[in-house]
Amino acid sequence: GAVVSQHPSWVICKSGTSVKIECRSLDFQATTMFWYRQFPKKSLMLMATSNEGSKATYEQGVEKDKFLINHASLTLSTLTVTSAHPEDSSFYICSANEGTSTAKNIQYFGAGTRLSVL
Amino acid sequence: AQSVTQPDIHITVSEGASLELRCNYSYGATPYLFWYVQSPGQGLQLLLKYFSGDTLVQGIKGFEAEFKRSQSSFNLRKPSVHWSDAAEYFCAVGNKAAGNKLTFGGGTRVLVKP
């Protein structure tokens, strides 16, 4: 099956610093990647959708200047949490979609990144 | 707009017993439906999906789900639960008109008693 790698799995940073999270599709080209945030014992909240070579589309209420998303290639998307604060501490998960045709319209998820901001 | 409801927050089942997790969706046309499983601190693994065709779909790990349009439901079942099935289960709905974005239900945590 399709594999999505997310790195790092866990990061601790000081308040005010920036953190970059990588999401890679290892064995397929991802036309679309998605970034989610998950609070403890809660469901996934979609933050943004990114397509290779174009600007990300952010969901309502998500600060695009705080959560910078870059989808530089068909196998790599990055999420940078800028000037992180304790309230940004969360579990961030990415997913990648192989295509828009029905057969390929499946999101494969990375293992997630736990961000702790001190 | 699409939405998903998973009425059961927690379910406890004995090992070897059957399991059914409920999922109700709201969407005007035929949706894409998915079940994912999440182990603690991990990402999501796809169990099965429904796009069209046969309304009873088979997935991995012995799971199956049935799409019932009349009830707007996509319930997940497993005949005999193993201790390793203890996890969080998420139902999700998507559609092409929404750019294939998924909307997730609140999740159901399954506990397995020995």
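Residues numbered from 1 in each chain as written. Chains lettered and ligands numbered in written order. Predicted model: local features only at pLDDT ≥ 70, side-chain atom pairs only at ≥ 80, totals over all residues. Heavy atoms only, no water.

## Some thoughts on the pairing of strand S5 (residues 32-38) of chain B
Residues and elements named next belong to chain B.
Here's step 1: For S5, a buried count of 7 out of 7 residues is recorded, marking the element as mostly surrounded by other parts of the structure.
Here's step 2: As defined by bridge partners, S5 adjoins strand S10 (residues 87-94) across 7 bridges and the pair is classed as antiparallel. Along S10, the bridge assignment pairs Gln38 with Glu88.
Here's step 3: Inspection of the sheet shows S5 paired to strand S6 (residues 44-50) by 6 bridges, in the antiparallel sense. Along S6, the bridge assignment pairs Val37 with Gln45. (Buried < 20%, exposed > 50% of the residue type's maximum accessible area, 1.4 Å probe, protein only. Helix = DSSP H or I, 4+ residues; strand = E, 2+ residues; numbered from the N terminus. Pairing = 2+ DSSP bridges.)

## Some words on the interface of chain A and chain B
Here's step 1: Opposite the 20 residues of chain A that make contact, chain B presents 20 residues.
Here's step 2: In total, about 1700 Å² of surface goes out of reach between chain A and chain B, with carbon and sulfur atoms giving 57% of it.
Here's step 3: Here chain A and chain B share 1 salt bridge between them.
Here's step 4: Between the two partners, chain A and chain B, sit 5 residue pairs in polar contact (both at pLDDT 80 or more).
Here's step 5: Counting only elements with at least two residues in the side of chain A that touches chain B, the list comes to strand S4 (32-38), strand S5 (44-51), strand S9 (90-97) and strand S10 (107-109) of chain A.
Here's step 6: Of the residues contributing to the side of chain A that touches chain B, the split by class is 9 nonpolar, 9 polar and 2 charged. (Contact = heavy atoms within 4.5 Å. Buried area = accessible area lost by both parts, 1.4 Å probe. Salt bridge = Lys/Arg side-chain N within 4 Å of Asp/Glu carboxyl O. Polar contact = N/O pair within 3.5 Å; in protein donor to acceptor, adjacent residues only side chain to side chain. Nonpolar A, V, L, I, M, F, W, Y, C, P; charged D, E, K, R; others polar.)

## A closer look at the pairing of strand S3 (residues 19-25) of chain A
Residue and element names in this part refer to chain A.
Here's step 1: Alternating residues of S3 divide into Val19, Ile21, Cys23 and Ser25, all buried, and Lys20, Glu22 and Arg24, none buried.
Here's step 2: The pairing of strand S1 (residues 4-7) with S3 spans 4 bridges and is antiparallel. Among the inter-strand pairings, Val4 is bridged to a residue of S3, identified as Ser25.
Here's step 3: Summarising the sheet, S3 and strand S8 (residues 76-81) pair through 6 bridges and their orientation is antiparallel. Within S8, the residue paired with Val19 across the bridge is Val81.

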